[in-house]
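# Report on the structure
As a plain string of letters, each chain reads:
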Amino acid sequence: MKLSRSTTVFVNVALILLIALLAKALLTAPASARADVGREYKVVAYPSTGQNVEQMLNQYAGEGWRFVFAFEFGRLPYSLIFER
């Protein structure tokens, strides 16, 4: 089956846009961000089922981080926000 030139161009442009959006999502997800001079925030993915959540929270607390909020993008996984 032979596709027309316009269909081929359209499919190629759609693939390039999809790859660009995926690359942007992977490259722009910050591990930490600054909102104020005295505060620092960190966004962490909720641990997988094989990890201990309590152990992870205690580790961050030991490093001076305080748990602030949990939210989800779409469905799962949740993201946890810490501040110090």
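Residues numbered from 1 in each chain as written. Predicted model: local features only at pLDDT ≥ 70, side-chain atom pairs only at ≥ 80, totals over all residues. Heavy atoms only, no water.

Looking now at the confidence of the model for the protein chain. When the pLDDT values of the protein chain are averaged, the result is 82; 82% of them are 70 or greater. Confidence, read as mean pLDDT per element, is least for strand β1 (residues 32–36) in the protein chain (61) and greatest for helix α1 (residues 5–27) (89). (pLDDT = per-residue confidence, 0-100. Helix = DSSP H or I, 4+ residues; strand = E, 2+ residues; numbered from the N terminus.)

To continue, consider the pattern of salt bridges. Counted by the stated rule, this structure contains 3 salt bridges. Glu-40 is the salt-bridge partner of Arg-84, the closest N and O atoms lying 3.5 Å from each other. Of this pair, Arg-84 sits in the segment after β4 (78–83) while Glu-40 is found in strand β2 (residues 39–45), placing the two residues 44 residues apart along the sequence. Taking relative accessible area as the criterion, Arg-84 reaches 44% and is therefore assigned partly exposed. Two residues, Arg-66 and Glu-83, come together in a salt bridge whose shortest N-O distance is 2.1 Å. In this pair, Arg-66 is assigned in strand β3 (residues 66–72) and Glu-83 in strand β4, connecting sequence segments 17 residues apart. In this structure Arg-66 comes out as partly exposed when scored by relative accessible area, which is 48%. What you see here is one network of salt bridges that share partners, running through Arg-39, Arg-66 and Glu-83. (Salt bridge = Lys/Arg side-chain N within 4 Å of Asp/Glu carboxyl O. Buried < 20%, exposed > 50% of the residue type's maximum accessible area, 1.4 Å probe, protein only.)

Counting across every chain of the model gives 3 aromatic pairs. With a centroid separation of 5.8 Å and an interplanar angle of 70°, the aromatic rings of Phe-67 and Phe-82 are classed as edge-to-face. Here Phe-82 lies in strand β4 and Phe-67 lies in strand β3, a separation of 15 residues in the sequence. Its relative accessible area of 39% is what places Phe-67 among the partly exposed residues. For Phe-82, a relative accessible area of 1% puts it in the buried group. (Phe/Tyr/Trp six-rings, centres within 6.5 Å; stacked < 30°, edge-to-face > 60°.)

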